[in-house]
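Next come the chains, spelled out residue by residue.
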Amino acid sequence: MASELLRLLEFDKIRELLAARCQYSVASERAREIAPTADRDQVAYLLRVTREAARLLNERPSFTIGGFRDIRSVVQAAQRGNILAPADVRTVLDTLEAAASLRRQFMADERWSERYPALAEFVLAMVDLPGLRADLARSIGPRGEVLDTASPELAAIRRSLKEAHERLLERLRRLLAERQEAIQDAYVTIRDGRYVIPVRADRRQAVPGITHDVSGSGQTLFVEPFEVLELNNRWRELQAAETHEIERILRVLTQRIADVADELLQIVEAGAALDLALAKARLAYDLDAVEPELLEPSGPTVPEGHPFLRVRLRAARHPLLDRRTAVPIDVELGERFRILVITGPNTGGKTVALKTVGLLALMAQAGLFIPAAPGSGLSVFPAIFVDIGDEQSIEQNLSTFSSHMRRIVATLQQADASSLVLLDEIAAGTDPQEGAALARAILERLLEIGALGIVTTHYPELKVFATGTPGLENASVEFDPITLSPTYRLLVGLPGRSHALEVARRLGLPEDVIARARELLGSGAPQLDRLIAEMHRRLEEAESLAAAAERSRREAEQLRAAAERLLAEAERERREARQEVLRELEAELARARELARKIERAARSPAYPPIEVTQDSLRALEEVKRRIQSSGRQSGQERVPEIAVGDRVELTALGLEGDVVAIHPESEEVEVRIGQFRVRQPQASVRRIGPRREEVSQTFAPPVSVTTIPRVEPEIHLRGLHVEEALDRLDRYLDRAVRAGLPWVRVVHGKGTGTLRQAIHAFLRDHPLVKSWELAGPHEGGLGVTVVYLEV
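Residues numbered from 1 in each chain as written. Predicted model: local features only at pLDDT ≥ 70, side-chain atom pairs only at ≥ 80, totals over all residues. Heavy atoms only, no water.

Asker: Just to check I follow, could you spell out the overall build of the protein for this structure?
Answerer: A tally of regular secondary structure across the protein gives 22 helices and 23 strands. Taking the contacts inside the protein whose residues are at least 6 apart along the sequence as the reference set, 67% of them involve residues at least 24 apart. Accessible surface computed for the protein: about 40800 Å², of which carbon and sulfur atoms make up 51%. (Helix = DSSP H or I, 4+ residues; strand = E, 2+ residues; numbered from the N terminus. Contact = heavy atoms within 4.5 Å. Areas by Shrake-Rupley, 256 points an atom, 1.4 Å probe, with all protein chains shown as cover.)

Below you can see the structure in the form of structure tokens.
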């Protein structure tokens, strides 16, 4: 798009904001070069890049591209054959290491290419050059010095140079001590690149040698003694050798850099693209901007075949205004109308509204997020035409009106239905009557073309024209007649009022002058103003009611949130209390299960215990049962319905099965017969597992009652279970097997390490229901199966 358009809409200032947020100098250059594109696919790609960069910074706020350097001139110098300085070579190394670090950061996330596909393209474009990076790191230090490890020859030369230097200094210090009477001061210095000592001019003959310099006073001669002449020569020769070797090393490294010049420049551009994307994300954060939707064309097409494009901005702000004080505006074009006609006082915000729409369209088409509310969106405009400001030209002898007309003429010649047209003060700067007629004709032509647009004007005739013309809509910027200042609110659907007479009255213009002005206006203008005033009044009432409704909604929302918090807290406290009760219940249940098993074993044992012992056990069981019943009621468990006398049930708390012999509604308990014993349990802890049986009576005498023999398989499988769980299952199984009248059963425990088999045998040895046991035959399971003979 034309640079003049970008300047008029202040897009150049957006470029500067973007450049200031780049951390890489090359990215800053690219930021100052970005421009909107009319390619919809390209716009979608640019926005996707910004979206990924924003997500990356949200997840890793400290992420940067690191130590990238602008090495373009260095690479180009290497291509020309210029030997690079060590510091320049170091900048290449820094850039290569920064690129390698970026690759490592991205690849640390296994799904990085899926989560950041657009940014991944930049990272993958940073070609890895491990060989060059290693050679440069071995040769150049962090301060740009050539390291001893650059080559074996350099290391050897530097060792010899150090030794020669030490010998030279040692000989000179010895001379200073031996010739103290001829020495001006006891120190060694350098003149013309050679070591010398300061000798008194009157004792020159005491130190034979070559004079390299004389002090300003002439009292001191700087002499290189003949005794160190060869040592100095050796030191200088080694220095020259070091210089030549360094030059050779740099020549080799320069050629290495020149050989991969294209790859290095690609790394620079990829790093700049990544940093530019991050800068766009930072700018979006600073502007509180959102990603704009790319709106598809809607409605029919005009004869030329161009689709109707759209603008939908919600709470949009001009990005160059302070977001804390800027008044947001809502603008929609392309749905109910094509062109918005804004009227209102000067400095009221008409031009700002027009610029906001244009600048946000440019930002979106450059891949930038826009300062607006979520849900805002724009179509991609192939062309945007703008006429803003006073462009009077002395050189071209053009008046304000003429300069405006030149742009409008070009607009009408080039615009089509896919264009966005923004005209500030349309047809201003000429006779008002002719200007209004011209403005109306221009609007008619824009409607014929099908362009989308916003125009601002002071002409009252355009208010009436926009009111009755399909495709046009009035809007105004609000003005407070009490404070005589604009509010900067954009009111779509309402034409602007003229406040000139009100302002003049408040400023002290005589009342008779104002009255005369009203007479000269005629009857039509006051009626129109009164109509507009009534529309504004009704709008204010509607907004007041809407504000009150919104306040009520917020209050209701706050009350609902408070209620939800209280409910959540109550639910949390209930859960915690229930968990505490359940923990206590679990402890009681464990005791009850163990006691019930002991009673059952005692009852089945051939050596039946005395009746008083059994009665003591029953009393203990009853005590545990009462505690369980109390805990069960506290835990809030639901009662199990539809349990009747004769049902086969499971006592879930005790892990036993029995028959219901009585129900006690007053205490919500059931009485269950388990073998020769009766147990009362809360209904909530009883689960029905079998059909009802017809009972002769609900009262049973334990010694003579008849029970149904349950069907039990003659084999149980315990392989793969932990010892404790296996023994628990085996104990229950043996009880059911005895009650079923089985004479023997098979216990399949597997061979394995033998741990489970040994634990089972130890358990069977003391079990009251077991007569004897033995391992199965070799063809019946061998060591993996135990045959148990029961007491029946």
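Asker: What is the right way to look at the packing of aromatic side chains in this model?
Answerer: Any pair of aromatic rings gets described here by the distance separating the centres and the angle formed by the planes. Going through the model one piece at a time under the given rule, you end up with five aromatic pairs. By way of ring pairs, the aromatic residues Phe63, Phe106, Trp112 and Tyr116 are connected into one cluster. Sitting over the ring of Phe222, Arg191 keeps its end group 4.1 Å from the ring centre. (Phe/Tyr/Trp six-rings, centres within 6.5 Å; stacked < 30°, edge-to-face > 60°. Lys NZ or Arg CZ within 6 Å of the ring centre and 35° of its normal.)

Asker: Would you explain helix 4 (residues 40-59) in this entry?
Answerer: Structurally, the α-helix is built with 3.6 residues per turn, so residues lying three or four positions apart point the same way. For helix 4, built from 20 residues, the straight-helix expectation of 28 Å at 1.5 Å per residue is met to within 8% by its first-to-last C-alpha distance of 29 Å. Taken together, the buried positions of helix 4 are Val43, Leu46, Leu47, Val49, Thr50, Glu52, Ala53, Leu56 and Leu57. Against the buried residues of helix 4 lie helix 6 (86-107), helix 7 (112-115), helix 8 (117-125), helix 12 (261-287), strand 5 (293-294) and helix 13 (350-365). Where helix 4 starts, the residue carrying a side-chain oxygen 3.0 Å from the main-chain nitrogen of Asp41 turns out to be Asp39. (Expected span 1.5 Å × (residues − 1). Buried < 20%, exposed > 50% of the residue type's maximum accessible area, 1.4 Å probe, protein only. Polar contact = N/O pair within 3.5 Å; in protein donor to acceptor, adjacent residues only side chain to side chain.)

Asker: How should I be thinking about the packing of helix 21 (residues 723-739) against helix 22 (residues 755-765) in this particular structure?
Answerer: Each packed pair of helices is defined by two parameters, the angle between the axes and the distance between the axes. The contact between helix 21 and helix 22 brings their axes to 10 Å, and the two run at 40°. The orientation of helix 21 with respect to helix 22, classified from their angle, is oblique. With respect to the hand of their crossing, helix 21 and helix 22 are arranged in right-handed fashion. Taken together, the residues of helix 22 that come into contact with helix 21 (itself represented by Val723, Ala726, Leu727, Leu730, Asp731 and Leu734) are Leu756, Ala759, Ile760, Phe763 and Leu764. A class-by-class count of the residues in the contact of helix 21 with helix 22 yields ten nonpolar, no polar and one charged. (Axes fitted to C-alpha atoms, helices over the stretch in contact; angles between N-to-C directions. Parallel < 35°, antiparallel > 145°, perpendicular 65-115°, else oblique. Left-handed = near helix turned anticlockwise from the far one by under 90°. Nonpolar A, V, L, I, M, F, W, Y, C, P; charged D, E, K, R; others polar.)

Asker: Would you mind going over the pattern of salt bridges with me for this structure?
Answerer: Pairing of side chains with opposite charge becomes possible as their charged atoms draw close. One pass over the structure, following the stated rule, counts 49 salt bridges. Across the salt bridge formed by Asp135 and Arg256, the nearest N and O atoms sit 2.3 Å from each other. You can see Asp135 sitting in helix 9 (residues 130-139) and its partner Arg256 sitting in helix 11 (residues 229-259), a full 121 residues away along the chain. Using a relative accessible area of 17% as the deciding quantity, one classes Asp135 as buried. When its relative accessible area of 30% is taken as the criterion, Arg256 is described as partly exposed. For the salt bridge of Glu227 with Arg179, the shortest nitrogen-to-oxygen distance reads 2.8 Å. Here Arg179 lies in the loop between helix 10 (152-178) and strand 1 (189-191) and Glu227 lies in the loop between strand 4 (220-225) and helix 11, a separation of 48 residues in the sequence. A relative accessible area of 36% means that Glu227 is categorised as partly exposed. Overall, Arg179 belongs to the buried group, its relative accessible area being 19%. Connected through shared salt-bridge partners, Glu29, Arg30, Glu33, Asp70, Arg72 and Glu269 make up one network. (Salt bridge = Lys/Arg side-chain N within 4 Å of Asp/Glu carboxyl O.)

Asker: How should I be thinking about the pairing of strand 11 (residues 419-423) in this particular structure?
Answerer: If a strand is regular, its side chains alternate between the two faces of the sheet. For strand 11, the buried fraction is high: five of the five residues fall into the buried class. Across the two faces of strand 11 the burial is the same, with Ser419, Val421 and Leu423 and Leu420 and Leu422 all buried. Relative to strand 11, strand 10 (residues 383-387) runs parallel, the two sharing five bridges. Directly across from Phe385, in strand 11, lies its bridge partner Val421. Bridge count between strand 11 and strand 12 (residues 452-457): four bridges; the pairing is parallel. Bridge pairing links Leu422 to Ile454 in strand 12. (Pairing = 2+ DSSP bridges.)

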